[in-house]
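# Report on the structure
Each chain is listed here by its residues.
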Amino acid sequence: TEWRRDFHENPELLFEVHRTAGIVADKLKEFGVDEIVTGMGRTGVVGVINGKTDTKGRVIGLRADMDALPVQEKTGVPFASTVTTLWEGVETGVMHACGHDAHMAILLGVARVLSDLRAEMPGTVMFIFQPAEEGAPEGEEGGAELMLKEGLFEAEKPDAIFGMHVSNSKHGQLWTKPGPIMASAEAFRIIVEGKQTHGSRPWNGVDPIIAASDIATTLQTIVSRRLNLLDSQAVVTVGIMKAGTRNNIIPSSAFMEGTIRTFQDSYADQIRDEIKLIAENVAAAHHATATVEFKVYGGYPVTFNDEQLANKYSSSLSRAADGNYYEAKVPRTGAEDFSFFAQQVPGLFFFLGVNSPGIDESPTNHSPYFYVDDSALTNGVKAFINLVEDFSSDYNDEA
Ligand code: NI
């Protein structure tokens with residue numbers, strides 16, 4: 001609780017998690033973790049605990065993310081963040097509105113327990129604390145991708161990797177599912193070029209605002225009319241529309257950005273084709289032109305849970321939550337860059353409910369009111385420890 005609240009009060013963004021990463025590294029050192037690497041993926045921290053040396057066990061990766069969000073906190077808790085930053089030129093608050101503060105506290109708890117138990121622990125556990133989960137700056141990789149690029153798995157590739165996210169749901173409840181558990185996410189950008197003119201004489205120009213509005217509307221037919229929703233699902237959202245400087249000027253261009261979410265790659269391919277077709281042809285019908293760019297900020301693949309891991313180790317999660325566990329039927333349309341790790345090695349990602357006891361509904365992650373009940377975090381610690389214990393003992397049985 002103390003660690004979590006300290007992280008919460010001192011949130012940092014993207015790769016700028018310097019204080020946070022310093023505390024993580026200091027704590028790992030204090031627990032006697034065998035190897036500690038800092039500065040991987042700029043500010044990522046990796047700790048390795050080697051278990052008893054007489055058995056060759058498995059290598060298990062456990063991952064937590066460290067970055068906060070440009071959100072002005074409104075929870076009113078005594079340890080609320082008062083940190084502010086300049087975000088895209090606007091002064092804004094910084095808040096652990098996604099609960100990554102809780103993820104770090106949980107994984108540090110696991111590191112402390114396993115450090116004490118290492119004499120009985122077969123195999124090796126790799127603790128991965130990554131920066132920049134919340135989307136990379138344009139033209140850069142996010143934290144997971146960058147750590148992999150810098151050789152995270154080169155010396156030693158885990159046999160499995162486990163990751164977790166807190167959620168505004170029932171206190172201490174754990175859940176996961178085999179197969180896709182979170183969506184792919186990628187941004188697209190459309191620039192519509194018209195012809196500037198006086199707002200009183202539209203016939204002398206080409207209005208990019210009307211063309212862009214028509215494009216935004218027609219993009220909604222991709223999911224509703226073009227995709228076979230019996231096979232899988234998808235979301236197309238336009239989140240930015242910008243144009244103009246003055247009420248009586250028809251501007252020369254309009255700017256749009258949106259996001260694509262899918263659970264299978266073929267849908268993303270089809271959606272990209274449809275977006276291009278609609279943007280270019282709807283613009284043409286308005287005598288404007290549209291240029292479309294995809295994967296503007298890189299993007300995340302589908303977070304895919306290895307079927308065997310998910311089926312075999314759901315009991316480890318259920319035990320951690322005293323049966324307060326369920327297997328989800330549908331994935332979530334949020335995205336996670338844990339997906340990059342799970343592309344390299346079998347991965348299992350699960351969720352932990354952090355509402356206060358007895359509360360069913362509460363503000364979602366990324367809300368300025370997002371609240372984490374510290375007493376729910378214990379089940380996250382137990383879940384990781386059970387997974388390590390069960391996964392390594394299965395290996396020894398097989399061996
Ligand atoms: Ni998150």
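Residues numbered from 1 in each chain as written. Predicted model: local features only at pLDDT ≥ 70, side-chain atom pairs only at ≥ 80, totals over all residues. Heavy atoms only, no water.

### Describing the environment of Leu152
Structurally, the position occupied by Leu152 is in the loop between helix H4 (143–149) and strand E7 (160–167). Relative accessible area serves as the criterion here: at 6%, Leu152 is assigned to the buried category. With 41 residues separating them along the chain, Leu152 and Ala111 place their C-alpha atoms 18 Å apart. (Helix = DSSP H or I, 4+ residues; strand = E, 2+ residues; numbered from the N terminus. Buried < 20%, exposed > 50% of the residue type's maximum accessible area, 1.4 Å probe, protein only.)

### Some points on empty space enclosed by the protein
Across all of its chains, the model carries one cavity of 30 Å³ or more by this definition. Roughly 40 Å³ of volume is contained in the largest cavity. Residue lining of the largest cavity: Arg4, His8, Glu73, Thr75, Val77, Phe79, His96, Phe370, Tyr371 and Val372, and that is the complete set. Within the lining of the largest cavity, the residues separate by chemical class into five nonpolar, three polar and two charged. (1 Å grid on protein atoms, 1.4 Å probe; cavity = no way out; pocket = protein on both sides within 12 Å on 5 of 7 lines; lining within 4 Å. Points joined across faces, edges and corners; volume = space filled by probe spheres on them. Nonpolar A, V, L, I, M, F, W, Y, C, P; charged D, E, K, R; others polar.)

### Topic: the sheet that holds strand E8 (residues 174–176)
Sheets are built from strands that pair by backbone hydrogen bonding, the pairs being arranged parallel or antiparallel. Taken together, eight strands build an open sheet; the order of strands is E1-E2-E6-E3-E7-E18-E8-E17 and the sheet is mixed. Strands with a single pairing partner mark the edges of an open sheet, and in this sheet they are strand E1 (35–40) and strand E17 (325–327). Along the sheet, successive strands turn relative to each other by an average axial angle of 20 degrees, direction set aside. Lying on the sheet, helix H7 (residues 307–320) is in contact with E7, E8, E17 and strand E18 (347–353); it crosses E18 at an angle near 30 degrees. (Pairing = 2+ DSSP bridges. Axes fitted to C-alpha atoms, helices over the stretch in contact; angles between N-to-C directions. Contact = heavy atoms within 4.5 Å.)

### Brief notes about the layout of surface pockets
Here the largest pocket defines a volume of roughly 1400 Å³. Around the largest pocket, the lining is made up of 41 residues, and of these Leu69, Glu134, Gly135, Arg261 and His366 lie nearest the centre. Counting residues per element, the lining of the largest pocket draws most heavily on strand E14 (residues 253–262), which supplies five residues. The residue makeup of the lining of the largest pocket, split by class, is 19 nonpolar, 12 polar and 10 charged. Considered as a void within the structure, the second largest pocket measures approximately 260 Å³ in volume. Forming the walls of the second largest pocket are 14 residues, and the residues nearest its centre are Thr1, Trp3, Ala105, Gly109 and Val381. Listing elements by their share of the lining of the second largest pocket, those giving two or more residues are helix H1 (2–9), helix H3 (100–116) and helix H9 (377–398).

### So, the nonpolar core
One finds Leu62, Val110, Phe127, Phe129 and Phe162 to be the most contacted residues of the largest nonpolar core, which totals 61 residues. If one sorts the elements of this core by residue count, H3 sits on top with nine residues. One finds Ile215, Ala216, Ile275 and Ala290 within the second-largest nonpolar core, a separate group that totals 26 residues. (Core = buried A, V, L, I, M, F, W, Y, C linked by side-chain atoms within 4.5 Å.)

### Some details on the coordination of the nickel ion
At 2.1 to 2.3 Å from the nickel ion lie its protein donor atoms, namely Cys98 (SG), His100 (NE2) and His165 (NE2). Mapped onto the sequence, the residues coordinating the nickel ion show the spacing C-x1-H-x64-H. With a gap of 67 residues between them, Cys98 in the loop between strand E5 (90–93) and H3 and His165 in strand E7 connect regions that are remote in the sequence. You can call His165 buried: its relative accessible area is 6%. (Donors = N, O, S within 2.8 Å, 3.2 Å for Na, K, Ca; no water.)

### What about the pairing of E5?
Pairing analysis gives four bridges linking strand E4 (residues 84–87) to E5, with the strands arranged antiparallel. Bridge pairing in E5 links Trp87 to Val90. Between E4 and E5, which follow one another and run antiparallel, lie two residues, and Glu88 among them has a positive phi close to 50 degrees.

### Observations concerning the environment of Gly205
By secondary structure assignment, the location of Gly205 is in the loop between strand E11 (197–198) and helix H5 (208–226). Along the primary structure Gly205 and Ser252 are separated by 47 residues, whereas in three dimensions their C-alpha atoms are 8.6 Å apart. In contact with Gly205, not counting residues within four places along its chain, are Lys195 and Thr197.

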